[in-house]
Amino acid sequence: MTEPADPGRRADPGRRAALAERLATVTARIATAARAAGRDPADVSLVAVTKTFPAADVVHLRALGVTDVAENRDQEAAAKAAEVIAVLGAGGPRWHFVGRLQRNKARSVVRYADVVESVDRPELVQALAAAAGQHRSTPLDVLVQVSLEVGVAGAPAGRGGAGPADVPRIADAVAAAPALRLAGVMAVAPYGADPGPAFAGLAAVAERLHHDHPEASVVSAGMSGDLEAAVAHGATHVRVGTALLGGRPPLSG
Ligand SMILES: *Cc1c(COP(=O)(O)O)cnc(C)c1O
């Protein structure tokens, strides 16, 4: 890495050092959890959730070896991705979109995102398929977001996600769209409940999906507070924000 082409480091070497230390801690947590589950640590990928943090942090993380970052708001993500491309060009990270997504944002998201993890309804599949077909030269990776909320009658609660029974229909729609590539499932554990049973439920949904669509092998689950439980239940990707970047202001999702 040549120093002059690395403005992130010039801007704040202390921040990079702090991120390096936190990254080492998170990486060790993932490895410990994988080994405890009899899994190869190399089979669990880290996605750094950089929402509310500046593009300079993405540049730092990329220099430290992080390959994937995630954002949950289109406006913030589009601007940040453009800033990072200006610094790193084609050497930038893969961008994951993990937030609630309105159909009218599909055209924007497909331009910078490599993966949309939060696809939870057929109308959104159609919007992404149309936008990706128009604005991309390579297929967009898609994860079906599964709601792990239990005991809630009717529509899933505020964290989004399709009910497990709706996953096959959404997955089939993704698989049928030439501009999309079905990659797997994503979920967020329910608030205030033991994440273990929720992640076990996700594993069952993922297994069924993988049976119907052998190419769909990603299980994105686990965040700063529950990544060990997710890895124990087969997560292939953990999405870590706070443990890596520090606290966010409240109401940032
Ligand atoms: C913010 C966010 C994360 C990261 O959460 P932390 O607790 O900060 O690690 C993971 N997944 C989604 C969907 C998020 O919105």
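Here we summarise the structure given alongside this text. Numbers given to residues run from 1 along each chain, matching the order in which its sequence is written. Where local features are concerned, this predicted model is filtered to residues with pLDDT of at least 70; where side-chain atom pairs are given and counted, the filter is 80 or more; whole-chain, interface and lining totals use all residues. Derived side-chain values reflect all non-hydrogen atoms in the structure, with water molecules and hydrogen atoms excluded from consideration.

Focus: the overall build of the protein
Put simply, the rule reads: To qualify as a helix, a DSSP run of H or I must reach at least 4 residues; to qualify as a strand, a run of E must reach at least 2; elements of each kind are numbered from the N terminus. Throughout, radius of gyration means the C-alpha value; the globule benchmark is 2.2 Å times the number of residues raised to the power 0.38. Each residue gets one of three labels from its accessible area relative to the maximum for its type: buried under 20%, exposed over 50%, partly exposed in between, using a 1.4 Å probe on protein chains only. Two residues qualify as a contact provided that any one of their heavy atoms is within 4.5 Å of a heavy atom in the partner residue. For accessible areas, the Shrake-Rupley method is used with a probe of radius 1.4 Å. Any residue's cover is judged against the shown protein chains and nothing else. Charged residues are defined here as Lys and Arg on the positive side and Asp and Glu on the negative side; His and the ends of the chain fall outside this count. A single reference atom marks each charge: NZ on Lys, CZ on Arg, CG on Asp, CD on Glu.
A count of helices and strands for the protein gives ten helices and eight strands. A compact globule built from 253 residues would reach a C-alpha radius of gyration of about 18 Å, and the protein, at 18 Å, matches this within 12%. Referenced to the eigenvectors of the C-alpha coordinate spread, the extents of the protein come out at roughly 50 × 45 × 35 Å. By the burial criterion, 48% of the 253 residues in the protein qualify as buried. In the protein, of all internal contacts separated by at least 6 residues, the share reaching a separation of at least 24 is 65%. When the accessible surface of the protein is summed, it comes to about 11,500 Å², and 55% of that surface belongs to carbon and sulfur atoms. One way to put it: in the protein the 26 positive side-chain charges average out to a point 4 Å from where the 26 negative ones average out.

Quick word on the site of the ligand
We count it as follows: Proximity is defined per residue: if any heavy atom of the residue lies within 4 Å of a molecule or strand, that residue is considered near it. Polar contacts, as used here, are pairs of N or O atoms within 3.5 Å; protein pairs need one atom able to donate a hydrogen and one able to accept it. Residues neighboring in sequence count only if both atoms are side-chain atoms. Residue polarity follows a fixed list, in which Ala, Val, Leu, Ile, Met, Phe, Trp, Tyr, Cys and Pro are nonpolar, Asp, Glu, Lys and Arg are charged, and the others, Gly among them, are polar.
Not every one of the twelve residues close to the ligand is listed here, only the nearest: Lys51, Ser224, Gly241, Thr242 and Arg248. Thr242 has a polar side-chain atom sitting 2.5 Å from an oxygen atom of the ligand. When isolated, the ligand has an accessible area of 390 Å², and the protein chains bury 89% of it. Among the residues making up the shell around the ligand, the classes are represented as five nonpolar, four polar and three charged.

Examining the packing of helix H6 (residues 122-135) against helix H7 (residues 167-176)
Under the convention used in this document: Each axis is a line fitted through C-alpha atoms, and for a helix only the stretch in contact is used; angles between axes span 0 to 180 degrees, taken between their N-to-C directions. When describing relative orientation, an angle under 35 degrees is termed roughly parallel and one over 145 degrees roughly antiparallel, while 65 to 115 degrees is termed roughly perpendicular and anything else oblique.
With their axes 9 Å apart at the nearest point, H6 and H7 run at an angle of 10° to one another. As the angle between them shows, H6 and H7 are arranged roughly parallel. Each of Pro122, Val125 and Gln126 in H6 lies in contact with H7, whose residues at this interface are Arg169, Ile170, Ala173 and Val174. Class assignment of the residues belonging to the contact of H6 with H7 gives a composition of five nonpolar, one polar and one charged.

Examining H6
Stated formally: In this analysis, the expected span of each helix is defined as 1.5 Å times one less than the number of residues it contains.
Taking 1.5 Å of rise per residue, 14 residues should cover 20 Å, and H6 covers 20 Å from first to last C-alpha, within 8% of that figure. Taken together, the buried positions of H6 are Leu124, Val125, Ala127, Leu128, Ala129, Ala131 and Ala132. Residues of H6 that are buried make contact with helix H5 (106-112), strand E4 (115-119), strand E5 (140-145), H7 and strand E6 (180-186).

Notes on the side chain of Ser147
Note on placement: Ser147 falls in the loop between E5 and H7. Overall, the relative accessible area of 7% leaves Ser147 in the buried class. Polar contacts involving the side chain of Ser147 include one to the main-chain amide nitrogen of Glu149, which spans 3.4 Å.

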